[in-house]
Amino acid sequence: MEQIGIVSYGAHIPRYRIKAEVIAAVWGKDGDAISRGLGIFEKSVPSSDQDTATISVESARAALKRCTLNPAEIGAIYVGSESHPYAVKPTGTIVGEAIGATPNLMVADYEFACKAGTAAIQTCVAFVKANMINYGLAIGADTSQAAPGDALEYSASAGGAGFIIGRTNVIATINDTLSYTTDTPDFWRRAEMKYPSHGGRFTGEPAYFKHITNCAMNLMQKIGTQPKDYTYAVFHQPNGKFPVNVAKKLGFTLDQVKQGLLVPYIGNTYSGASMIGLASVLDIAKPGDRIFVTSYGSGAGSDAFDITVTDEITRLSRNAAPTIAEMVADKEYIDYGTYAKMTNLLFWE
Amino acid sequence: MKEGVARFWREIPQRYNFMGNQCGACDRVFFPPRESCPHCRRKSIGVMKEVKLSGKGEVVTYTIIHVGPEDFEDQTPYPIAIIRLEEGPQVTGQIVDTPLEDVKIGMKVEGTFRKIQQDGHTGAIYYGYKFKRRR
Amino acid sequence: MRDVAVIGVGLTKFGELWDKSFRQLIAEAGSKAILDAKIEGKDIDAMYVGSMSSGRFVDQEHIGALVAEVSGFSSLHIPATRVEGACASGGLAVREGYLSVASGMNDVVVVGGVEKMNDVGGGEATEILATASDQEWEAFFGVTFPGIYAMIATRHMYEFGTTKEELAQVAVKNHANGALNPYAQYQSPISLESVLKATTVAYPLGLMDCSPVSDGAASIVLCAADKVKKYTDKPVKIIASGQASDTLALHGRRDICTLDATVYAAKMAYKQAGISAKDIDFAEVHDCFTIAEICAIEDLGFVEKGKGGQAIANHITTLDGQIPVNTSGGLKAKGHPVGATGVAQIVELTLQLRGEAGKRQVKDAKRGLAHNVGGSGATCVIHILEAM
């Protein structure tokens, strides 16, 4: 049977960082306690000239640098985000133009909170499987923002990753995928509002944990696998505690989860989160490694993937673009005032 | 919102992808693309061909802008440089992701995709090239 | 082609002139020049006015006709034309007026230059000035007008070792000269430290390296040289007019540190006059920024390329030097109402050549050069004047 999966991947994490303790000091809180409680020490901040479109373009270009695909062969681009630059006018067309994939191209933007990017992967897999396209590009990226003084201020960050999906030169097959979806209002943003609202502790058990757990168990049951069959596991990471807890609940170990856990150092990149986690695993994965990914998006739903790394990964020029580890390490700290300026916290007209 | 969009849409291939052109008579490369070659003039009419530049180049001169135009005020101080692209043409562009004290004549750079400007809060966003230090 | 002379000059004070409108400024300068020339309305064959951006500064285009009207000449229906070349608009208006007399088409022509920059906010004024640069490929990407000249300065410092102190000396000299000019925007000398300590606008240029935003107007009356006796006994002859163009963007130039437009306009002018740089006694050059004066004196051939920074320390371009530059205070201290500048330079040359420059009089001034530049050097227009 033809193998459909990831042909290449790329990511982008903006360079600026602000420490949780610096934010805490502004609001008179105990930064140390907050960092330890959330499992987040610092988060990435986009400069004012970066947005979801620029991060998506950088991610897509990185993916193209690693392989030899002619971008004109990409037949579809789906970009998932909760911070698309325009409410109406897709990010996908900007990416398409910037990588030379236009005009013979299907494009749409997705929104499903933090799992919009993995939904894009599912779409591209289906189009390739249906032989409607040879290659698809799925991107999850965000420059998520939080209201000043809100708990989310410590985690809402910026970053993204893109995956080229196809059936030729596949470096990691996507063996199966399924989702678990309900109408659960744990976290949302009304259309005219600048910042999201959330249900506090309601975002835990009835939301994140319920959907990831059920989705993961359903997929493993369907394909007959167990946690110990996997080399790596990647979960959505709104903070440093939830993914570790859900992994434990499901029977995965910290060792399996470590490589794909970036939130302590870059924060929650929302639609980029699970995607960047997967990219981080692919940076070091070897042929034969098996990866289990379960994303989560508020509103609510999870997408789970069973992935096997192929020999082809050794032929991918992984060093042609920065790895997640390199981007995490390439950083410059800023203070709260600069953060406020860059994220446009101060405006009056 | 006060600007017409066509003017900026027209130059997307240049701003996003460094699309220039080359004179069929003397092989000189131009960016942005020209209707004719200033060296060959009439001999170049009809033989200019499209060419994609790499965006890689070197800093020829620079300044650090402290008082910027309205759309750039929140990025000051920022470096602006004249960069000689590897194919020959020179461009003016902002340098990003580089500490100010590291910006030097001769520094090697490569293009990166950023927001350049926007037409207020309701108008279009214009993306294009900026430059960062080349690894 | 016949000889042309300046028979009358007039200008307003330059500065932040809140009480004076665009129309009042040009009317004042024009009437002063006309009275100085002792001509009457019926003697005027045509008018030329230079203004960079009346449309954006005061929302008014079509100013050729407007200037004729405010001068009181509507009923005489004199041909009136607006000329534009960014900061060289005034100099280009002078050249157009000169060519129309030299060609025999007109006998007496009034030339004016005017800019009213303070009716818009500072940010808007900066944006308007940036239209002198390449809007699509320079200004769009975030470089300001001072930023463009700053890049010339950085390269000049890199290639020739020019220092920030040498840049500052230009500002100090020009303010010292301006203090002797009752029409100048700034009437007091400044110290070197104040220039070096000023806030950075675009490294390495600080606030005091930049000419100011100004309101003002200047005007001259040109007449065929063989007809001047009717009007004045102090005519000054225009012995050369040169002009050249170059790429709009600085990044398109052959050499960042050389304004080829200056070099070629100067060549044209020196050739017409049958002279070379060493025959010039004094000059008004386009010091929109301190670095611009340094490049100008090199490109005009007064000093060798690269040595412009030392011209003040070596007493070459100081008021008491071999070739005093910017005795009026230059754009820096006199002010730079953009369209007026090129015409005001001719006013200064004329006053010097008539011996009417007061405290800033250059001794034995016989031949003066005016150098007016548009943008970062895309246009240059040069006139050489000689006492008759």
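Residues numbered from 1 in each chain as written. Chains lettered and ligands numbered in written order. Predicted model: local features only at pLDDT ≥ 70, side-chain atom pairs only at ≥ 80, totals over all residues.

(A) Quick peek at the overall build of chain B. For chain B, the helix and strand inventory stands at two helices and eight strands. Ordered by position from the N terminus, the helices and strands of chain B form the series α-α-β-β-β-β-β-β-β-β. Across its three principal axes, chain B shows a C-alpha extent of roughly 45 × 40 × 25 Å. A total of 135 residues make up chain B; the buried ones form 41% of that total. Pairs at least 24 apart in sequence give 51% of the contacts found in chain B among residues at least 6 apart. (Helix = DSSP H or I, 4+ residues; strand = E, 2+ residues; numbered from the N terminus. Buried ≥ 20, exposed ≤ 12 C-beta atoms within 10 Å, placed from the backbone. Contact = placed C-beta atoms within 7 Å.)

(B) View of the overall build of chain A. Secondary structure summary: chain A contains 12 helices and 14 strands in total. On C-alpha atoms alone, chain A measures out to a radius of gyration of 19 Å, which is about the 20 Å that the 2.2 N^0.38 rule sets for 349 residues. Considering only residue pairs separated by 6 or more positions, chain A has 78% of its internal contacts joining residues 24 or more positions apart. (Rg over C-alpha atoms; globule rule 2.2 N^0.38 Å.)

(C) The interface of chain A and chain B, seen in detail. The interface of chain A with chain B comprises 16 residues on the first partner and 13 residues on the second. Mapped by element, the contributors of at least two residues to the side of chain A that touches chain B are helix H3 (52–66) and helix H4 (91–99) of chain A. With four residues, the top contributor of residues to the side of chain A that touches chain B is H3 of chain A. Partitioned by chemical class, the residues of the side of chain A that touches chain B number five nonpolar, five polar and six charged. (Nonpolar A, V, L, I, M, F, W, Y, C, P; charged D, E, K, R; others polar.)

(D) Highlighting the domain arrangement of chain B. Residue and element names in this part refer to chain B. The domains assigned to chain B are domain 1 (6–18 + 54–133) and domain 2 (21–52). The C-alpha-based centres of domain 1 and domain 2 are spaced at 24 Å. On the domain 2 side, the residues contacting the eight residues of domain 1 number six residues. Across the side of domain 1 that touches domain 2, the residue classes tally to four nonpolar, three polar and one charged. (Domains from an automatic or database assignment.)

(E) The arrangement of the interface of chain B and chain C in detail. Taken residue by residue, the interface counts 24 residues in chain B and 27 residues in chain C. Elements supplying a minimum of two residues to the side of chain B that touches chain C: strand S4 (57–65), strand S5 (78–85), strand S6 (90–94) and strand S7 (108–118) of chain B. Ranked by residue count, the leading element in the side of chain B that touches chain C is S4 of chain B, at six residues. Class assignment for the residues of the side of chain B that touches chain C results in 13 nonpolar, nine polar and two charged.

(F) Summary view of the domain arrangement of chain A. All names here are of chain A. Under the domain assignment, chain A is made up of domain 1 (5–171 + 320–342) and domain 2 (174–312). The C-alpha-based centres of domain 1 and domain 2 are spaced at 16 Å. Counting residues at the interface gives 46 residues for domain 1, matched by 40 residues for domain 2. Residue contributions to the side of domain 1 that touches domain 2 peak at six residues, all from helix H5 (residues 116–129).

(G) Representation of helix H1 (residues 22–37) of chain C within the structure. Residue and element names in this part refer to chain C. Between the first and last C-alpha of H1 there are 23 Å, a value that for 16 residues agrees with the 22 Å anticipated at 1.5 Å per step. Turning to H1, its buried residues are Phe-22, Leu-25, Ile-26, Ala-27, Glu-28, Ala-29, Gly-30, Ala-33, Ile-34, Asp-36 and Ala-37. For H1, the secondary structure elements touched by its buried residues are strand S1 (4–11), strand S2 (46–50), helix H2 (54–57), helix H3 (63–70), strand S4 (108–116) and strand S7 (215–224). One or two residues past the end of H1 sits Lys-38, with phi positive at roughly 60 degrees. (Expected span 1.5 Å × (residues − 1).)

(H) Quick look at the nonpolar core. Judged by nonpolar contacts, the single largest core of 280 residues is most densely connected at Ile-165 of chain A together with Val-221 of chain C. Per element, the largest residue contribution to this core is nine residues, and it comes from helix H12 (residues 338–354) of chain C. (Core = buried A, V, L, I, M, F, W, Y, C linked by C-beta atoms within 7 Å.)

(I) Up close: the environment of Leu-369 of chain C. Residues and elements named next belong to chain C. Its location among the elements puts Leu-369 in strand S10 (residues 367–374). When the C-alpha positions of Leu-369 and Ser-245 are compared, they lie 19 Å apart, and in sequence the two are 124 residues distant. With residues near it in sequence (within four places) discarded, Leu-369 still touches Ile-280, Ala-283, Leu-300, Ile-382 and Ile-384.

(J) Inspection of the sheet that holds S1 of chain C at higher detail. Residues and elements named next belong to chain C. The strand order across the open sheet formed by nine strands is S3-S2-S4-S7-S1-S8-S11-S10-S9, and the pairing between neighbours is mixed. At either margin of the open sheet sits one strand with a lone partner, and together these are strand S3 (80–83) and strand S9 (282–284). Between one strand axis and the next, the sheet turns by 30 degrees as a mean value, whatever way the strands run. Pairing of S2 with S4, which is carried by five bridges, proceeds in the parallel orientation. Paired with Ala-46 across the strands is Val-109, a residue of S4. (Pairing = 2+ DSSP bridges. Axes fitted to C-alpha atoms, helices over the stretch in contact; angles between N-to-C directions.)

(K) Representation of H3 of chain A. Relative to the 21 Å expected for 15 residues at 1.5 Å per residue, H3 of chain A spans 21 Å between its end C-alpha atoms, a close match to the ideal helical length. A large share of H3 of chain A lies buried, amounting to 13 of its 15 residues.

(L) The environment of Ser-31 of chain C, seen in detail. Residue and element names in this part refer to chain C. Locating Ser-31 in the fold gives a position in helix H1. In this structure Ser-31 comes out as partly exposed when scored by C-beta crowding, with 15 C-beta atoms within 10 Å. Each C-alpha atom, one on Ser-31 and one on Gly-10, is 7.5 Å from the other, the two residues being 21 residues apart in sequence.

(M) Local environment of the sheet that holds strand S7 (residues 158–166) of chain A. All names here are of chain A. In space, the nine strands of this open sheet follow the order S5-S4-S6-S7-S1-S8-S13-S12-S11, with mixed pairing throughout. Of all strands in the sheet, those bounded by a partner on one side alone are strand S5 (106–110) and strand S11 (232–235). Each strand axis lies, on average, 20 degrees off the axis of its neighbour in the sheet, ignoring direction. Bridge count between strand S4 (residues 74–80) and strand S6 (residues 135–143): six bridges; the pairing is parallel.

(N) Structural detail: the environment of Leu-319 of chain C. Residues and elements named next belong to chain C. Position of Leu-319 relative to the elements: it lies in the loop between helix H10 (290–299) and helix H11 (330–334). Owing to 18 C-beta atoms within 10 Å, Leu-319 belongs among the partly exposed residues under this scheme. Sequence-distant contacts of Leu-319, defined by excluding residues within four places in its chain, comprise Asn-177, Pro-324, Thr-327 and Arg-360.

(O) Representation of the packing of H1 of chain C against H3 of chain C. Residue and element names in this part refer to chain C. Running from amino to carboxyl end, H1 crosses H3 at an angle of 60 degrees, the nearest separation of the two axes being 9 Å. As summarised for this structure, H1 and H3 are arranged oblique, according to the angle between their axes. Here the hand of the crossing between H1 and H3 comes out right-handed. Counted together, Arg-23, Ile-26 and Ala-27 of H1 and Leu-66, Val-67 and Val-70 of H3 form the full contact between these two elements. (Parallel < 35°, antiparallel > 145°, perpendicular 65-115°, else oblique. Left-handed = near helix turned anticlockwise from the far one by under 90°.)

(P) Main features of the packing of helix H6 (residues 145–160) of chain C against H10 of chain C. Residues and elements named next belong to chain C. Between H6 and H10, the least distance of the axes is 9 Å, while the angle of their chain directions is 60 degrees. In terms of axis orientation, H6 runs oblique to H10. Here the hand of the crossing between H6 and H10 comes out left-handed. Contacts between H6 and H10 pair Tyr-149, Ile-152, Ala-153 and His-156 from the former with Ile-291, Ala-292, Ile-294 and Cys-295 from the latter. Taken together, the residues that form the contact of H6 with H10 break down as seven nonpolar, one polar and no charged.

(Q) The arrangement of the pairing of S4 of chain B in detail. Across the nine residues that make up S4 of chain B, a large majority, seven, are buried. Note that S4 of chain B and S7 of chain B share two bridges and pair antiparallel. Bridging from a neighbouring strand, Gly-57 of chain B pairs with Val-109 of chain B of S7 of chain B. Examined bridge by bridge, S4 of chain B and strand S5 (residues 200–203) of chain C share two bridges and lie antiparallel to one another. Across the sheet, Ile-65 of chain B pairs through a bridge with Ala-202 of chain C, a residue of S5 of chain C.

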